[in-house]
Amino acid sequence: AMFISWFIYVFINKTIFKNEENELKLALTGAIFAFIYSWAFVGVSILVLEVKFLEYLLLDIPFEIALAIVNFVTIYWLYQPLNQFFKKQLNN
């Protein structure tokens, strides 16, 4: 589930958002990815751990929201400073 989720994230960033520099759009993508990442584990949890779907989904919603908020805030605050830092380091 984790490999599939990260593959989807890399695919989206390398195709749709290839040259995107707007931190708001990237932060929104990160927030949406939090839900995709969490939903990828639903099937695995149901099949392997034999958890009931509705119970799993209801208990996972707060964690999905927390992950989406953390992704959004982290990308929004740190994208530009880190991008400038790495560009500066590559030019030296």
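Below is a short write-up of the structure. Given the structure is predicted, the values throughout are model-derived calculations rather than measurements.

1. Considerations on the environment of Ala34
Then comes step 1: One can find Ala34 in helix H2 (residues 23-48).
Then comes step 2: For the pair formed by Ala34 and Tyr9, sequence separation is 25 residues and the distance between their alpha carbons is 9.9 Å.
Then comes step 3: Among all residues touching Ala34, those that are not within four sequence positions of it are Glu64, Leu67, Ala68 and Asn71.

2. Focus: the nonpolar core
Then comes step 1: The biggest cluster of nonpolar side chains holds eight residues, and these are Tyr9, Ile12, Phe17, Leu26, Ala27, Phe33, Tyr37 and Ile75.
Then comes step 2: Of all the secondary-structure elements, those providing two or more residues to this core are helix H1 (2-15) and H2.
Then comes step 3: Setting aside anything within four residues of it in sequence, one finds Tyr9 in contact with Thr29, Phe33 and Ile75.

3. Structural notes on the side chain of Ser45
Then comes step 1: In this fold, Ser45 is placed in helix H2.
Then comes step 2: Judged by its relative accessible area of 9%, Ser45 falls in the buried class.
Then comes step 3: A distance of 2.9 Å separates the side chain of Ser45 from the backbone oxygen of Phe41, its partner in a polar contact.
Then comes step 4: When residues no more than four places from it in sequence are discounted, the contact partners of Ser45 are Glu50, Val51 and Tyr56.

Cut-offs applied
- Residues numbered from 1 in each chain as written.
- Predicted model: local features only at pLDDT ≥ 70, side-chain atom pairs only at ≥ 80, totals over all residues.
- Heavy atoms only, no water.
- Helix = DSSP H or I, 4+ residues; strand = E, 2+ residues; numbered from the N terminus.
- Contact = heavy atoms within 4.5 Å.
- Core = buried A, V, L, I, M, F, W, Y, C linked by side-chain atoms within 4.5 Å.
- Buried < 20%, exposed > 50% of the residue type's maximum accessible area, 1.4 Å probe, protein only.
- Polar contact = N/O pair within 3.5 Å; in protein donor to acceptor, adjacent residues only side chain to side chain.

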